[in-house]
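# Structural characterization, general
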Amino acid sequence: MTSETLGRRRGPRQGPSLKDRLTDWGLPLLGLVAVIALWWAATVVFSIEKFLVPSPVDVVDAFIGQAGYLMAQTWVTLLETVEGFLLAAVIGVPIAMLIAGSRLLEKMIYPLLLAVNAVPKIAIAPILVVWMGFGQMPKIVMVFLLCFFPIVISTATGLKSTPAELAELVRSYGASRMQAFFKVRFPYALPQVMVGLKTAISLAVIGAVIAEFVGADAGLGFVIVQSGASADTPLAFASMVLLGIISIVLFYGLSALENLVLPWAEENR
Amino acid sequence: MIELRHVSQVFSGRQGEVHALDDINLEVDGNEFVTLVGRSGCGKSTMLRMIAGLLKPTSGTITVAGEPVTKPRQDVSFMFQRAALLPWRTVLDNVMLPVEILRLDKAVHRERAHELIELVGLAGFEKRLPRELSGGMQQRVSLCRSLIQNPKVLLMDEPFSALDALTREELSVELQRIKMEQETTIVFVTHSIEEAVLLADRVVVLSPRPGRLRKIVEVDIPRPRTLGHNAHADRVTEVSAELHELLVPAPAGGAA
């Protein structure tokens with residue numbers, strides 16, 4: 001091998017250094033601490049009433065006071081979110097395959113999908129309650145509705161973005177449609193599928209809460225509505241923090257999965 | 001090995017018909033190295049794609065190993081201008097792709113893959129991903145992939161033109177060496193007169209719009225040829241000059 005080629009290749013990947021770790025974790029943590037401190041200071045300095053804006057301490061108190069109850073409600077919301085999301089992925093990806101695979105189907109289904117997506121989902125929430133009652137089902141369906149569209153769009157886009165030279169390459173070996181799909185098109189679309197899944201997971205939590213607002217007897221959204229009615233603002237805040245945590249954990253869980261499964265994708269450093 | 005008889009290709013576009021190739025007759029012998037040169041738009045790539053079975057000629061017949069070409073053949077390989085490697089596959093797995101598609105014996109060909117990777121000087125890089133390689137190295141992997149099923153015919157569409165000048169030269173010399181070790185008929189499209197003279201037994205000169213066969217120049221310089229100082233420098237200059245005159249119009253408005 002000559003010096004020309006050796007000089008340009010990248011060395012083996014090394015783990016992040018201590019400094020990188022500090023900036024990765026330290027800086028967001030610093031930001032969080034600063035915001036909480038400001039919030040606390042504001043409630044003390046302006047002596048804001050607890051039922052208007054509770055201080056961080058009030059929120060922590062509220063959480064500790066009802067920890068068991070809150071964890072149970074968190075579990076309910078988390079389950080609805082994950083179930084709806086998985087359902088959307090399991091149904092959305094094959095539908096995207098159909099759309100990407102056939103012009104006819106694309107023309108038939110695509111405008112319909114756009115129209116359905118244009119309807120504000122919150123408008124459907126009361127109807128879902130009428131149809132399915134107060135159980136978990138209408139929540140799962142709402143999460144599904146919010147997640148489905150970004151997954152389908154992203155996946156279909158990914159499947160249609162196979163570079164011409166790769167398509168021609170497999171054709172030059174006389175590959176069948178199935179071979180071309182599984183050896184090239186689908187793997188090539190995977191990073192784009194992940195983009196759709198990551199967009200969807202953020203929407204998933206929103207979907208669960210919307211559905212719980214409208215009609216529920218459990219879940220964090222239900223807790224927020226209840227504490228609003230009884231002016232128990234610290235409890236509502238505690239629930240919101242838990243919702244935030246669910247969202248962050250799910251998103252980074254997906255990112256970690258992506259790094260594990262698609263180490264070759266450009267998006268990852 | 002390859003025979004083109006009265007081959008024409010007409011593309012119908014928005015501005016009417018475009019005659020890409022017009023009545024091409026050409027015979028390429030087994031184990032011969034032919035380069036196609038010509039200016040942009042003379043149908044070089046079109047001709048290659050038709051031999052590969054990726055494109056049907058509008059009229060005329062093309063045969064490879066005596067059989068008419070109707071679809072891509074297992075014993076014909078096509079190498080593109082870009083490396084076209086699958087980014088999620090390692091070097092070795094990229095080289096093995098045709099073996100999987102053509103459903104050939106994996107164990108046998110894995111051994112051959114290792115040999116080829118060594119032949120192009122990439123031993124030790126089998127487990128690397130394409131993005132960890134330079135452009136020149138990627139194109140070497142692409143070359144291994146196009147040789148893996150031991151093709152009778154290798155069609156190369158400006159395979160080194162996306163590389164920098166030095167890497168390009170180095171790969172041309174290497175291709176010549178590999179060609180001397182492997183029995184393969186090669187048709188090689190290029191813009192570069194230097195490349196054409198270095199590699200070819202015969203240089204086929206095409207003229208543009210419509211693409212016609214203008215002249216076939218025999219390159220009778222003994223191998224291995226090099227681009228630096230060598231004993232045949234005079235002959236190289238002579239052939240290059242001839243090709244140059246054919247390809248670049250004379251200042252006084254000569255028709256080319």
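Structure: see above.
Presented here is an overview of the structure given in this document.

Calculation notes
Residues numbered from 1 in each chain as written. Chains lettered and ligands numbered in written order. Predicted model: local features only at pLDDT ≥ 70, side-chain atom pairs only at ≥ 80, totals over all residues. Heavy atoms only, no water. Helix = DSSP H or I, 4+ residues; strand = E, 2+ residues; numbered from the N terminus. Rg over C-alpha atoms; globule rule 2.2 N^0.38 Å. Buried < 20%, exposed > 50% of the residue type's maximum accessible area, 1.4 Å probe, protein only. Contact = heavy atoms within 4.5 Å. Areas by Shrake-Rupley, 256 points an atom, 1.4 Å probe, with all protein chains shown as cover. Lys, Arg positive; Asp, Glu negative; His and termini not counted. Charge placed at Lys NZ, Arg CZ, Asp CG, Glu CD. Core = buried A, V, L, I, M, F, W, Y, C linked by side-chain atoms within 4.5 Å. Phe/Tyr/Trp six-rings, centres within 6.5 Å; stacked < 30°, edge-to-face > 60°. Buried area = accessible area lost by both parts, 1.4 Å probe. Salt bridge = Lys/Arg side-chain N within 4 Å of Asp/Glu carboxyl O. Polar contact = N/O pair within 3.5 Å; in protein donor to acceptor, adjacent residues only side chain to side chain. 1 Å grid on protein atoms, 1.4 Å probe; cavity = no way out; pocket = protein on both sides within 12 Å on 5 of 7 lines; lining within 4 Å. Points joined across faces, edges and corners; volume = space filled by probe spheres on them. Nonpolar A, V, L, I, M, F, W, Y, C, P; charged D, E, K, R; others polar. Axes fitted to C-alpha atoms, helices over the stretch in contact; angles between N-to-C directions. Left-handed = near helix turned anticlockwise from the far one by under 90°. Patch = residues over 30% accessible without salt bridge, like charges linked within 9 Å, V, L, I, M, F, W, Y side chains within 5 Å.

## Some details on the overall build of chain B
- Across its full length, chain B carries 7 helices and 10 strands.
- Against the 2.2 N^0.38 benchmark of 18 Å for 256 residues, chain B shows a C-alpha radius of gyration of 19 Å, consistent with a compact globule.
- In terms of overall dimensions, chain B has a C-alpha envelope of 55 × 45 × 35 Å along the principal axes.
- Across the 256 residues in chain B, those meeting the buried criterion constitute 54%.

## With respect to the overall build of chain A
- The helix and strand inventory of chain A stands at 11 helices and 0 strands.
- Taken from the N to the C terminus, the helices and strands of chain A come in the order α-α-α-α-α-α-α-α-α-α-α.
- Computed over C-alpha atoms, the radius of gyration of chain A comes to 24 Å, more than 25% over the 18 Å expected from 2.2 N^0.38 for 269 residues, which places it beyond the range of a compact globule.
- Reported as C-alpha extents along the three principal axes, the dimensions of chain A are approximately 75 × 55 × 30 Å.
- Buried positions account for 40% of the 269 residues belonging to chain A.
- Across chain A, the fraction of contacts at a sequence separation of at least 24, relative to all contacts at a separation of at least 6, is 74%.
- Summed over all atoms, the accessible surface of chain A reaches about 15000 Å², with 72% contributed by carbon and sulfur.
- Computing the positive centroid from 18 side-chain charges and the negative centroid from 17, chain A places the two 14 Å apart.

## Considerations on the nonpolar core
- The biggest cluster of nonpolar side chains holds 80 residues, and the ones touching the most others in it are Phe85 and Ile151 of chain A together with Leu4 and Leu155 of chain B.
- Sorting elements by how many residues they give to this core places helix α9 (residues 177-214) of chain A first, with 11 residues.
- If near-sequence neighbours (up to four positions away) are discounted, Leu155 of chain B is found in contact with Leu48, Ile51, Ala52, Val76, Ser77, Phe78, Met79 and Val187 of chain B.
- Of all hydrophobic cores here, the second largest spans 33 residues; its members include Phe33, Leu133, Cys144 and Phe188 of chain B.

## A word on the packing of aromatic side chains
All names here are of chain A.
- Under the criterion given, the structure shown has 10 aromatic pairs over all chains.
- Judged by centre distance (5.5 Å) and plane angle (85°), the ring pair of Phe251 and Tyr252 falls under edge-to-face.
- Given a relative accessible area of 55%, Tyr252 falls into the exposed group.
- Through successive ring pairs, a cluster of aromatic residues spans Phe181, Phe182 and Phe186.

## Topic: the interface of chain B and chain A
- Counting from both sides, the interface comprises 39 residues of chain B and, opposite them, 28 residues of chain A.
- When chain B packs against chain A, close to 3000 Å² is buried across both sides, 59% of that on carbon and sulfur atoms.
- In this structure, Glu165 of chain A engages Arg82 of chain B in a salt bridge whose closest nitrogen and oxygen atoms are separated by 3.3 Å.
- The tally of links from chain B across to chain A stands at 6 residue pairs in polar contact (both at pLDDT 80 or more).
- Of all the secondary structure elements, the ones that give two or more residues to the side of chain B that touches chain A are β6 (76-79), α2 (91-101), α4 (135-147) and α5 (165-181) of chain B.
- The element best represented in the side of chain B that touches chain A is α4 of chain B, accounting for 5 residues.

## Describing the environment of Ile101 of chain B
All names here are of chain B.
- Residue position: Ile101 is located in helix α2.
- Looking at Ile101, the relative accessible area reads 5%, which means it is buried.
- Along the sequence, Ile101 and Arg177 sit 76 residues apart, while their C-alpha atoms lie 28 Å from each other.

## Description of the pattern of salt bridges
Residues and elements named next belong to chain B.
- What the rule picks out here adds up to 19 salt bridges over all chains.
- Notably, a salt bridge pairs Arg5 with Glu3, separated by 3.2 Å at the nearest N-O pair.
- With relative accessibility at 28%, the residue Glu3 sits in the partly exposed group.
- With a shortest N-O distance of 2.8 Å, Arg140 and Glu174 are connected by a salt bridge. Of this pair, Arg140 sits in helix α4 while Glu174 sits in helix α5, and the two are 34 residues apart along the sequence. Neither residue differs from the other here; Arg140 and Glu174 are each classed as buried.
- What emerges from the salt-bridge pattern is a single network uniting Glu67, Arg73, Asp75 and Lys152.

## Quick look at the environment of Val189 of chain B
Residue and element names in this part refer to chain B.
- Its place among the elements puts Val189 in strand β8 (residues 185-190).
- Along the backbone, Val189 and Val173 are 16 residues apart, and their C-alpha atoms lie at a distance of 16 Å.
- Val189 has contacts with Leu36, Lys44, Leu48, Met156, Asp157, Glu158 and Pro159, leaving out every residue within four places of it along the chain.

## Focus on α2 of chain B
- Most of α2 of chain B sits inside the fold, with 10 of its 11 residues counted as buried.
- Within α2 of chain B the residues assigned to the buried category are Val91, Leu92, Asn94, Val95, Met96, Leu97, Pro98, Val99, Glu100 and Ile101 of chain B.
- Here the buried face of α2 of chain B lies against α8 (164-172) and α9 of chain A together with α3 (106-119) and α4 of chain B.
- Phi turns positive, to about 55°, at Arg103 of chain B, one or two residues after α2 of chain B.

## What about the layout of surface pockets?
- By volume, the second largest pocket is sized at about 640 Å³.
- Lining the second largest pocket are 32 residues, and of these Glu165 of chain A together with Arg82, Leu85, Pro87 and Gln138 of chain B lie nearest its centre.
- When contributions to the lining of the second largest pocket are tallied by element, the ones reaching two or more residues are α7 (137-160), α8 and α9 of chain A together with α4 of chain B.
- Residue composition of the lining of the second largest pocket, grouped by class: 15 nonpolar, 10 polar and 7 charged.

## Some thoughts on the packing of helix α4 (residues 67-101) of chain A against α9 of chain A
Residue and element names in this part refer to chain A.
- Their axes nearest at 8 Å, the elements α4 and α9 cross at an angle of 145°. The handedness of the crossing between α4 and α9 comes out as right-handed. Of the residues in α9, those touching α4 at Thr77, Glu80, Thr81, Phe85, Ala89, Val93, Met97, Ala100 and Gly101 are Arg177, Phe181, Arg185, Phe186, Val193, Leu197, Ala200, Ile201, Ala204, Val205, Ala208 and Glu212.
- Counted by class, the contact of α4 with α9 contains 14 nonpolar, 3 polar and 4 charged residues.

## Focus: a nonpolar patch on the surface
All names here are of chain A.
- A surface patch of nonpolar side chains, about 590 Å² in accessible area, is lined by Val45, Phe46, Ile48, Phe51, Leu52 and Val53.
- Mapping Phe46 onto the fold places it in the loop between α2 (18-45) and α3 (56-65).
- Its relative accessible area of 59% is what places Phe46 among the exposed residues.

## A closer look at the environment of Leu87 of chain A
- With respect to the helices and strands, the residue Leu87 of chain A is situated in helix α4.
- Filtering out sequence-adjacent residues up to four positions away, Leu87 of chain A remains in contact with Gly92, Ile140 and Phe144 of chain A.

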